[in-house]
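Below, each chain spelled out in residue letters.
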Number of protein chains: 2
Amino acid sequence: MTSNNFPSGIDRRIFVSGLALLPALSSTVLSTLVQAQTAPGALASWNDGPAKQAILDFVRATTEQGSPKFVPLEDRIATFDQDGTLWVEHPIYSQVVYCLDRVPAVVEKNPKLRSVEPFKTVLSGNREAIAKLSLHDLEKILFATLTGMSVDDFEAEANKWLTSAKDGRWKRSYTELIYQPMLEVMQYLRGNGFKTYIVTGGGQDFVRVYSQQVYGVPPEQVVGTAAGTKFGYRKDGAPFLTKEPKLLLNDDNAGKPEGIHLMIGRRPYAAFGNSTGDRQMLEYTGAGNGARLMMLVLHDDAKREYAYGPAQGLPDTKVGTFTQALYDEAKKKGWPVISMKNDWKRIFAFEQTA
Amino acid sequence: MTSNNFPSGIDRRIFVSGLALLPALSSTVLSTLVQAQTAPGALASWNDGPAKQAILDFVRATTEQGSPKFVPLEDRIATFDQDGTLWVEHPIYSQVVYCLDRVPAVVEKNPKLRSVEPFKTVLSGNREAIAKLSLHDLEKILFATLTGMSVDDFEAEANKWLTSAKDGRWKRSYTELIYQPMLEVMQYLRGNGFKTYIVTGGGQDFVRVYSQQVYGVPPEQVVGTAAGTKFGYRKDGAPFLTKEPKLLLNDDNAGKPEGIHLMIGRRPYAAFGNSTGDRQMLEYTGAGNGARLMMLVLHDDAKREYAYGPAQGLPDTKVGTFTQALYDEAKKKGWPVISMKNDWKRIFAFEQTA
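Analysis parameters
- Residues numbered from 1 in each chain as written.
- Chains lettered and ligands numbered in written order.
- Predicted model: local features only at pLDDT ≥ 70, side-chain atom pairs only at ≥ 80, totals over all residues.
- Heavy atoms only, no water.
- Helix = DSSP H or I, 4+ residues; strand = E, 2+ residues; numbered from the N terminus.
- Buried < 20%, exposed > 50% of the residue type's maximum accessible area, 1.4 Å probe, protein only.
- Contact = heavy atoms within 4.5 Å.
- Pairing = 2+ DSSP bridges.
- Axes fitted to C-alpha atoms, helices over the stretch in contact; angles between N-to-C directions.
- Parallel < 35°, antiparallel > 145°, perpendicular 65-115°, else oblique.
- Left-handed = near helix turned anticlockwise from the far one by under 90°.
- Nonpolar A, V, L, I, M, F, W, Y, C, P; charged D, E, K, R; others polar.
- Right-handed = clockwise from strand over helix to strand, strands pointing away.
- Salt bridge = Lys/Arg side-chain N within 4 Å of Asp/Glu carboxyl O.
- Expected span 1.5 Å × (residues − 1).
- Phe/Tyr/Trp six-rings, centres within 6.5 Å; stacked < 30°, edge-to-face > 60°.
- pLDDT = per-residue confidence, 0-100.

(A) Broad picture of the overall build of chain A. Counting its regular elements, chain A contains 14 helices and seven strands. The buried share among the 354 residues of chain A stands at 57%. The contacts of chain A with a sequence gap of at least 6 include a subset with a gap of at least 24, amounting to 65%.

This is the structure we're talking about:
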């Protein structure tokens, strides 16, 4: 799923040598080893333009030795929203599809739910009725399908679904519907010493199932909406954790900087989003000193993906809302807005390169 | 504060090259680059014996190419309790001293508290009365002194205290009272590709202030008892986070594996503790497949540090309780117990080497 944009050869390996494993070396020494990497092929799916330039300028300013805005290696943190920023969120969040797909199995275990709303509607298969379920109904479905099992059982179930489920439009796995240009940004930042985090309104445990394989982001670098777990023992004495229907972190809107503080403990230098749910994360990132990069993905490409806003007169589809007010704030604060139509040569890895 | 036990020279740096920064290289390739490091000088403050041998054996089993219990680089997670495992916890947790020291400043801001318990007792300076405060009183003091300010103000205050406060017995900074042998275990594990985490019942934000400098552990690798924060805006529009008196994670006992799942998302391969508060973390670690290392520090050295249990007939001092039941469980399950008296050549870095 990931693609390798680094130049081959041992020299690069020596260059960025042993950063995570040599805590005894001073960060100054390490920083000199990691200079801005403008490898040929970096950001290959990006058209030249202000968005690509903003990324290159930020990396140069924060990593080049002698730069007045140089950032020590250990402070290089970048956060990425997932839905609509790293992968497709239309017409419905993939994790919601997972939960809806899980309803029959949940009802089989607990038959009383068969005649109870909202489960009855989901089982009817009536797409229009399902689309009209309230947020409150959706929450009931999420808790019923995402909690009440061991964390190991959940991981196995989610894994199984991810390898078999296909989206309706491209007929591909959901994990193939990630944006190749954003994957390249993550790789480019990591190649320059940044730790990349996913900070998502989606379920933390869900995204952790595939984050390493799909994005190269280890589970511990996924911050998401999280329910509590409960430690207990099986009959044979083996300890295990059960997912509880108790919300610990609602990682959206103001919950994003709160989640970043809880899970990372410091302010990012770069943050990427695409909707009002990411506003506070970008504001919090931008409130730090020195060079900070805040970017928003605008879905303005109905042909290759989807077009929605309502910023810039694009249709308001209620999923991943990018308001005109957020657009205006971005312009006012100098946050580059990424036009999928104009800034990206290709959107998915499976497309032929232009 | 940290000492460098690695052999010098570029060869080692090449060996463990670029692990964090080259996600595009397969883990198999990377794993072959990181073989068990038995550098001369590793674990220098340990006497030869079963405890030291258990650490060496575990690292060999999990990192040597071809070992049936080889663990891929990205799965190498080790967790360490702090109080009593990494630094002195007697006669009173350092963070509690911090909170008591903060009481006058809190009362100055809110004079009504002056005549209210438990603040009145703390202000009296009567040590015996303070030592008798109930857990409930202590909680009131913790919430009053650790919440209600911005995360930046808290960090500045804690930093200031840490650089000036001295313990009563050694007359040294609390951050000097870390156990040199345990620091060497952390360095040795990191040198072999393990990510080291602190998993503490202490305050997450407190420990994060000094974790990098003292232990070489970055803030995001500190899991601790955590209160929520609240995102808001200052009068000038700048966003900031306020520490709220709302407990999110009580990271002790069963809360330790629960916190590990929340913050790391996978089971550790090694876990170190010293009291009943660490029992569930060690059990959870031990329930995984393959080679797992669970170790407990027994404080049996009244001369060089302190002696308390009540395991093995040592006095029960109520701080960092190591019960006989926990000792028996360790023996039954094969968890090596570290005798500070017998296994450690020296306890603190400031001691002369034997």
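Text resumes after the structure shown.
(B) Up close: the sheet that holds strand E2 (residues 195-203) of chain A. Residues and elements named next belong to chain A. Sheet architecture is open: seven strands sit in the order E4-E3-E2-E1-E5-E6-E7, paired in mixed fashion. Sheet topology places strand E4 (239-249) and strand E7 (337-339) at the edges, where each strand pairs with a single neighbour. Neighbouring strand axes in the sheet, compared pairwise and without regard to direction, differ in orientation by 35° on average. Where E2 meets strand E3 (residues 222-233), four bridges bridge the pair, whose relative direction is parallel. Along E3, the bridge assignment pairs Val199 with Val223.

(C) Focus on the packing of helix H4 (residues 94-109) of chain B against helix H7 (residues 135-146) of chain B. Residues and elements named next belong to chain B. Where H4 meets H7, the closest approach of the two axes is 9 Å, and the angle between their N-to-C directions is 65°. Between H4 and H7, the interaxial angle falls into the category roughly perpendicular. Seen from above, H4 lies across H7 with left-handed handedness. Two secondary-structure elements touch here, H4 through Gln95, Val96, Tyr98, Cys99, Leu100, Arg102, Val103 and Val106 and H7 through Leu138, Ile141, Leu142, Ala144, Thr145 and Leu146. Residues that form the contact of H4 with H7 fall into these classes: 11 nonpolar, two polar and one charged.

(D) Representation of the sheet that holds strand E5 (residues 270-273) of chain B within the structure. Residues and elements named next belong to chain B. Here seven strands make up an open sheet; going across it, the order is E4-E3-E2-E1-E5-E6-E7 and the pairing mixed. Every interior strand has two partners, whereas the edge strands, strand E4 (239-249) and strand E7 (337-339), have only one. Taking each pair of neighbouring strands and ignoring which way they run, the sheet shows an average axis angle of 35°. Pairing between strand E1 (residues 77-80) and E5: three bridges, direction parallel. Its bridge partner lying in E5, Phe80 is registered against Phe272. The strands touched by helix H10 (residues 204-215) within the sheet are strand E2 (195-203), strand E3 (222-233) and E4, with E2 carrying the most contacts at an inclination of about 145°. The strands touched by helix H11 (residues 255-263) are E1, E2, E3 and E4; relative to E2, the strand with the most contacts, the crossing angle is about 130°.

(E) Quick peek at the packing of helix H3 (residues 50-63) of chain A against helix H9 (residues 180-191) of chain A. All names here are of chain A. It is the contact of H3 with H9, at a shortest axis distance of 11 Å, that shows an interaxial angle of 15°. Taken together, the axes of H3 and H9 lie roughly parallel to each other. When you trace H3 past H9, the crossing you get is right-handed. Residues Ile55, Leu56, Phe58 and Val59 of H3 pack against Val185, Tyr188 and Leu189 of H9. The residue makeup of the contact of H3 with H9, split by class, is seven nonpolar, no polar and no charged.

(F) Up close: the pairing of E5(B). Residue and element names in this part refer to chain B. Residues Ala270 and Phe272 line one face of E5 and the alternating positions Ala271 and Gly273 line the opposite face, and both faces are buried. Strand direction decides the pairing type here: E5 and strand E6 (residues 293-298), joined by four bridges, are parallel. Pairing of Ala271 across the sheet is with Met294, part of E6. Assessed by its sense of winding, the connection that carries the chain from E5 through helix H12 (residues 279-286) to E6 is right-handed.

(G) Representation of the environment of B:Ile77 within the structure. Within the secondary structure layout, B:Ile77 lies in strand E1. For B:Ile77, a relative accessible area of 0% corresponds to the buried category. With 191 residues separating them in the primary sequence, B:Ile77 and B:Pro268 have C-alpha atoms 4.8 Å apart. In this structure B:Ile77 touches A:Glu220, B:Phe194, B:Lys195, B:Tyr197, B:Ile264, B:Arg266, B:Pro268, B:Tyr269 and B:Ala270, once residues within four positions along its chain are discounted.

(H) Representation of the pattern of salt bridges in the model. Scanning the entire structure with this criterion turns up 32 salt bridges over all chains. Between A:Glu220 and B:Lys195 there is a salt bridge, with its nearest N and O atoms 2.6 Å apart. In this pair, A:Glu220 sits in the loop between helix H10 (204-215) and E3 while B:Lys195 sits in strand E2, so the two residues belong to two different chains. Owing to a relative accessible area of 6%, A:Glu220 belongs among the buried residues under this scheme.

(I) Structural detail: helix H3 (residues 50-63) of chain B. Residues and elements named next belong to chain B. With 14 residues, H3 extends 20 Å between its outermost C-alpha atoms, agreeing within 8% with the 20 Å of an ideal straight helix rising 1.5 Å per residue. Turning to H3, its buried residues are Ala51, Lys52, Ala54, Ile55, Leu56, Phe58, Val59, Thr62 and Thr63. Check the buried side of H3 and you find it contacts helix H9 (180-191), E5, E6, E7 and helix H14 (340-343).

(J) Summary view of the environment of B:Ile198. Residue and element names in this part refer to chain B. With respect to the secondary-structure elements, Ile198 resides in strand E2. Note on Ile198: relative accessible area 0%, which makes it buried. Note: C-alpha distance between Ile198 and Val96 (102 residues apart in sequence) is 18 Å. Contact partners of Ile198, with chain neighbours within four places excluded, come to Phe80, Gln82, Leu86, Met186, Val207, Ser211, Tyr215, Val217, Gln221, Val222 and Val223.

(K) Expanded view of the packing of aromatic side chains. Residues and elements named next belong to chain A. Within the structure shown, the criterion is met by 36 aromatic pairs over all chains. The interplanar angle of 10° and the centroid separation of 4.9 Å between the aromatic rings of Phe348 and Phe350 together place this pair among those described as stacked. Exposure remark for Phe348: the relative accessible area of 0% places this residue in the buried category. Under the relative-accessibility criterion, Phe350 is labelled partly exposed at 27%.

(L) Molecular detail of the environment of A:Ala311. All names here are of chain A. With respect to the helices and strands, the residue Ala311 is situated in the loop between strand E6 (293-298) and helix H13 (324-333). In this structure, the C-alpha to C-alpha distance between Ala311 and Ala325, residues 14 residues apart in sequence, is 7.6 Å. Not counting residues within four places of it along the chain, the set of residues in contact with Ala311 comprises Leu298, Phe322, Thr323, Gln324 and Tyr327.

(M) A look at unusual backbone geometry. Cis geometry is found at the peptide bond from A:His90 to A:Pro91, where omega equals -5°. Note on placement: A:Pro91 falls in the loop between strand E1 (77-80) and helix H4 (94-109). Here the amide bond leading from B:Gly309 into B:Pro310 is cis, since omega sits at 15°, within 30 degrees of zero. Phi is positive for B:Leu43, close to 55°, though the residue is something other than glycine. In the Ramachandran plot, B:Lys171 falls in the positive-phi region, its phi being about 55° despite a non-glycine side chain. One can find B:Lys171 in the loop between helix H8 (151-164) and H9.

(N) Broad picture of the confidence of the model for chain A. All names here are of chain A. Summarising the model, chain A shows a mean pLDDT of 90, and 88% of its residues fall at 70 or more. Note that pLDDT drops below 50 for residues 1-37; the model gives that stretch 99 contacts with residues more than four away or on any other chain. Here the complex is predicted with pTM 0.90, and the ipTM for its interfaces comes to 0.89.

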